[in-house]
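Observations on the model geometry
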Amino acid sequence: MVSGLSTGVMQLPQGLAYALLAAVPPVYGLYSSFYPVLLYTFFGTSRHISIGTFAVISLMIGGVAVREAPDSMFPLNGTNVTGFDVDARDARRVQVAVALTTLVGLIQLFLGVLRFGFVAIYLTEPLVRGFTTAAAVHVCVSQLKYFFGVKTKRFSGPLSVVYSLIAVFKDITSTNITTLIVGLVCVVFLYGVKEINERFKKKLPIPIPGEIIVVIVSTGVSYGMSLSENYQVDIVGNIPAGLQPPSVPDFSILPNLVADAVAIAVVGFSMGISLAKIFALKYGYSVDGNQELIALGLCNFVSSFFQTFAITCSMSRSLVQESTGGKTQIAGLLSSLLVLLVIVAIGFVFRPLPQTVLAAIIMVNLLGMFKQVRDIPALWRTSKIELTIWVVAFVASVLLGLDYGLLVAIGFALLTVIYRTQSPRSVILGQISDTGLYCDADEYEEAAECSGIKIFHSNSSIYFANCDLYVNSLKQKWSGPPWTLTEQTGVDPTRLLAERKSQRKHAKTRSGDKKDSSQSPAQKKSTVAKLDMELGVAHEVLDEAEKQVDVLSNGQVAEAQAESDSEEARFLQPLCPVHSIILDFTPVNFMDSVGAKAIKAVIKEYAAIDVRVVLAGCSRTLLSDLRTLQFFNEPVTPDIVFPTIHDAVLHCKQRGGARLSSPAVQ
């Protein structure tokens, strides 16, 4: 009971105030604080969030309403007075806001039925916080004209913040001093109450309802002093008593609102689900993202037939509902009944309420959003990329407007994901002595590389956008001496094949020279050792008597080749001391057809220079994808796949030992 009444007391002034942001008369804020809250009680899964009007969503709706129904569309006909028909303008803006809310509800319902509750993950926390901080700037700037009591038009679209500031400062000399004084007093009082509530929240049984106190007192002062008649202070004006009958929205304007509706639907759901998950984690229950989408969709769609505008949860009201003991949505039901009482019985009492008071309520409620600027130094220390997302979301949303700014921010956040996958960290792993652990050989002193084996690790999946970078990193050279192995594998098959051709040519030349020369038998039996500085391999030309037979892998003995072939084979030695490369696929979550072709080409290239490539740590999903992509076709076979790096290393060591025992390298 206490929680419901406390939340309802906050719901009343915020509903009136946020209607100004939505560019509709204040009474529609009360409608939006009743119907959706009532519906969410039965369809929502969160026990603690408070559904209703919210500054960011209201501002986005107001921008669309002003764009579709500008003041210039409603001139005063038949008079010489410059101005516009306020009643006709407000009626049209209500139609736009209601139609937009209908479309938002349909989109949320559609996404919920299709189980698209995961769409909120694309709005990362830095993006949301940067976006909402920019929205706070928009909201604050939009309220300056009410705060100073100046008459300026409302702007929307790119650079609307700049145009609004210019318009306000151009008319700053016409400031209504009474309006400004009332607004300043309300701001100081509300800020002081918020500080007291925050500092003594453990000692206060319920938070001091500063907003409703300000509304009641300022309404009484305005009525007693006749601020509207005597001091030209703008007031709320007529608040019709009772609920309006349901009516069908104007569907003819829906085609112009699709893009805006998608943005509002996603932002509204993201705000709601993020706060719902925080409370669910704190109190040990779960919320269903898809059901939340359906609940919000029903709240917006059904309520739009009763002249409401789009809603989501409010952080300030949710915190009050939770701190005052609200444990179920019964608290929300009670708050909606309190709003209903005001609409039906005592709404007329708030007619003398100055609009500057509502502006003050809005501005003070934005303090929490402005405090998000503190994220910047924290992100600078932890993640430069997330800091960039925050800044881009903020700057784009301030300058381009909330709709285009959100689109730019989401696009930039996705680009950072691509950047991270295209710039993975690649390392060579070494074995910790006497263990099956493998770590970065450069970072850990105890990790030693296995002789003749290179274990390549890259912390990214392999697909069309980064497969070339993966292969290049695998072959990348280090700027060290020619015989030094590289930072990565240091084995470039293209270069080594070219050197093999040069060796063959040199071998044929030596063979011809030996036939034409008249050397003594002792000279023929001598061993000629040559150190190849490029390859780091000692080549030996052995005498005829020691090389009459070749030992094959199956243990059989074959006759020697012809003399010319024998001379060439004895000269050609292994091009590189690396005989095996292990690709650690533990971090690889997926691989597309382009990536699979690139890896298959790499395996074939290394096979041409007698270096075997094997795969380690493939997940079952990845193996299934590789089979679907027909990766395991000749000459690539499933026997190159090993469950762990250690299994692959043991296999490669056996192969390396067999290779070293062959006559070609003895």
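Reference entry: report on the structure contained in this document. (Residues numbered from 1 in each chain as written. Predicted model: local features only at pLDDT ≥ 70, side-chain atom pairs only at ≥ 80, totals over all residues. Heavy atoms only, no water.)

**Comments concerning the overall build of the chain**
Put simply, the rule is: Secondary structure counts use DSSP, requiring at least four H or I residues in a row for a helix and at least two E residues in a row for a strand, with both numbered from the N terminus. Buried, partly exposed and exposed residues are distinguished by accessible area as a fraction of the type maximum, computed with a 1.4 Å probe on protein chains only: under 20%, between the cut-offs, and over 50%, respectively. Residue exposure ignores everything except the shown protein chains as possible cover, and the areas themselves are Shrake-Rupley values with a 1.4 Å probe.
Regarding its fold elements, the chain presents 26 helices and 13 strands. Looking at the 666 residues of the chain, the share that counts as buried comes to 50%. Surface accessibility of the chain: about 32,100 Å² in total, with carbon and sulfur atoms responsible for 62%.

**Describing the pattern of salt bridges**
To keep it simple, the criterion reads: One speaks of a salt bridge when a side-chain nitrogen belonging to Lys or Arg is within 4 Å of a carboxyl oxygen belonging to Asp or Glu.
Applying the stated criterion across every chain yields a total of 15 salt bridges. Arg 92 is paired through a salt bridge with Asp 250; the nearest N and O atoms lie 3.3 Å apart. Taken together, the residues Arg 92 in helix α5 (residues 86-113) and Asp 250 in the loop between α10 (227-231) and α11 (258-283) connect sequence positions 158 residues apart. By relative accessible area, Arg 92 is classed as partly exposed at 23%. Salt bridges sharing common partners tie together Asp 71, Arg 89, Asp 90 and Arg 93.

**Focus: the pairing of strand β11 (residues 580-584)**
Filter applied, for reference: For two strands to be treated as a pair, DSSP must find at least two bridges joining them. By convention, a crossover is right-handed whenever its connection, traced from the first strand over the helix to the second and viewed with the strands pointing away, goes clockwise.
Of all 5 residues that make up β11, 5 are buried, and the element is covered over most of its length. Alternating positions in β11 separate into two faces, Ser 580, Ile 582 and Asp 584 on one and Ile 581 and Leu 583 on the other, with burial throughout. Bridging between strand β6 (residues 453-458) and β11 involves 5 bridges; their strand directions are parallel. Bridge assignment links Phe 456 to a residue of β11, and that residue is Leu 583. Both β11 and strand β12 (residues 612-616) contribute to a ladder of 5 bridges, which runs parallel. Residue pairing in the sheet places Leu 583 in a bridge with Leu 615 of β12. You can see the chain leave β11, run along helix α24 (residues 593-607) and come back into β12, and the turn it takes is right-handed.

**Section: the side chain of Asp 584**
Using the following cut-off: Here Asp and Glu are counted as negative and Lys and Arg as positive; His is not counted, and neither are the chain ends. Here, two residues are considered to be in contact whenever any of their heavy atoms come within 4.5 Å of each other.
With respect to the helices and strands, the residue Asp 584 is situated in strand β11. For the buried Asp 584, no salt bridge is present, and the opposite-charge side chain at shortest range is Arg 425, 11 Å distant. Setting aside its immediate chain neighbours within four residues, Asp 584 contacts Leu 429, Phe 456, His 457, Ala 616 and Ile 645.

**With respect to empty space enclosed by the protein**
We count it as follows: Computed over the protein atoms alone on a 1 Å grid, cavities are sets of points where a 1.4 Å probe fits but cannot get out and pockets are open sets with protein on both sides within 12 Å along at least five of seven lines; a residue lines them when it has an atom within 4 Å of a point. Grid points are joined across faces, edges and corners, and a volume is the space filled by probe spheres set on the points. Throughout, the ten residues Ala, Val, Leu, Ile, Met, Phe, Trp, Tyr, Cys and Pro are labelled nonpolar, Asp, Glu, Lys and Arg are labelled charged, and all others, Gly among them, are labelled polar.
Considering all chains together, one arrives at 3 cavities of 30 Å³ or more under this definition. Every residue lining the largest cavity is listed: Leu 123, Leu 127, Val 128, Phe 131, Val 267, Ser 270, Met 271 and Leu 406. Those elements that provide at least two residues to the lining of the largest cavity are α6 (125-148) and α11. Residue composition of the lining of the largest cavity, grouped by class: 7 nonpolar, 1 polar and no charged.

**Some points on helix α14 (residues 330-346)**
One turn of the α-helix equals 3.6 residues, which is why residues spaced by three or four share an orientation. The criterion, for reference: A helix is expected to reach a length of 1.5 Å times the quantity of its residues less one. This arc is built from the directions going out from the helix axis to the C-beta atoms.
Compared with an ideal rise of 1.5 Å per residue, which puts 17 residues at 24 Å, α14 spans 23 Å between its outermost C-alpha atoms and is within 8% of the ideal. Residues of α14 that are buried include every one of Ala 331, Gly 332, Ser 335, Ser 336, Leu 338, Val 339, Val 342 and Ile 343, and no others. On an axial view of α14, the arc spanned by its buried residues comes to 150°, and they lie on one face. Considering only its buried residues, α14 is in contact with α1 (2-21), α2 (27-32), α3 (35-43) and α13 (315-323).

**Remarks on the pairing of strand β3 (residues 426-432)**
Within β3, 7 of the 7 residues are buried, leaving the element largely enclosed by the surrounding structure. Taken together, the 4 bridges between β3 and β6 define a ladder with antiparallel strand orientation. Paired with Leu 429 across the bridge in β6 is Ile 455. In this sheet, strand β4 (residues 438-440) lies alongside β3 in antiparallel orientation, the contact comprising 3 bridges. By the bridge assignment, Leu 429 is partnered in β4 with Asp 440. With antiparallel pairing between neighbouring strands as the criterion, β3 and β4 make up a hairpin whose turn holds 5 residues, including Asp 434 at a positive phi of roughly 65°. Across 2 bridges, β3 lies against strand β5 (residues 447-448) in antiparallel orientation. Note on β5: the bridge partner recorded for Ile 432 is Ala 447.

**Structural notes on a nonpolar patch on the surface**
To be explicit about the condition: Residues qualify for a patch when their relative accessible area is over 30% and they have no salt bridge, like charges being joined within 9 Å and the nonpolar side chains of Val, Leu, Ile, Met, Phe, Trp and Tyr within 5 Å.
A cluster of nonpolar residues, Leu 159, Val 162, Tyr 163, Ile 166, Val 391, Val 395, Leu 399, Leu 400, Tyr 404 and Val 408, forms a patch on the protein surface that exposes about 770 Å² of accessible area. Of all the secondary-structure elements, those providing two or more residues to the nonpolar patch are α7 (160-170), α18 (384-400) and α19 (402-422). Top element by residues in the nonpolar patch is α18. It accounts for 4 residues. Here Tyr 404 is to be found in helix α19. Looking at Tyr 404, the relative accessible area reads 46%, which means it is partly exposed.

**What about the packing of aromatic side chains?**
Applicable threshold: Ring geometry is summarised as follows: Phe, Tyr and Trp rings, the Trp one being its six-membered ring, pair when their centres sit within 6.5 Å, and such pairs are stacked at plane angles under 30 degrees, edge-to-face over 60 and tilted between the two. Charge-over-ring contacts are defined here by two conditions on Lys NZ or Arg CZ: a distance within 6 Å of the ring centre and an angle within 35 degrees of the ring normal.
Counted under the stated rule, the structure contains 11 aromatic pairs. Centroid distance Phe 301 to Phe 305: 5.3 Å. Interplanar angle 85°. Geometry classified as edge-to-face. On the accessibility criterion, Phe 301 (23% relative accessible area) is partly exposed. Taken together, Phe 34, Tyr 35 and Phe 306 form an aromatic cluster joined through their ring pairs. Positioned over the ring face of Tyr 285 is Arg 47, at 4.2 Å from the centre of the ring.

**Considerations on the environment of Arg 92**
With 19 residues separating them in the primary sequence, Arg 92 and Met 73 have C-alpha atoms 10.0 Å apart. If we ignore the near neighbours within four places in the chain, the residues touching Arg 92 are Ala 69, Phe 74, Asp 250 and Ile 253.

**A short note on the packing of α6 against α19**
Geometry of a packed helix pair, given as the angle between the helix axes and the separation of the axes. The criterion, for reference: Angles shown run from 0 to 180 degrees and are taken between the N-to-C directions of axes, each axis being a line fitted to C-alpha atoms and, for helices, limited to the stretch in contact. For classification, angles of less than 35 degrees are called roughly parallel, those exceeding 145 degrees roughly antiparallel, those between 65 and 115 degrees roughly perpendicular, and all remaining angles oblique. For a crossing to be left-handed, the near helix must be turned anticlockwise from the far one by less than a right angle; the clockwise case is right-handed.
Across the interface, α6 lies against α19 with an axial gap of 11 Å and an inter-helix angle of 160°. When the axis of α6 is compared with that of α19, the two are roughly antiparallel. α19 is crossed by α6, and the crossing has right-handed handedness. Along its contact with α6, which presents Leu 127, Phe 131, Ala 135 and His 138, the element α19 presents Leu 402, Leu 406, Ala 409, Ile 410 and Ala 413. Looking at the contact of α6 with α19, its residues break down into 8 nonpolar, 1 polar and no charged.

**Some details on unusual backbone geometry**
The bulk of non-glycine residues show a negative phi, and the bulk of peptide bonds are trans. Positive phi, normally seen in glycine, also occurs at Arg 115, with a value near 60°. Note on placement: Arg 115 falls in the loop between α5 and α6. Located in the positive-phi region is Asp 610, a residue other than glycine, with phi close to 65°. Note on placement: Asp 610 falls in the loop between α24 and β12.

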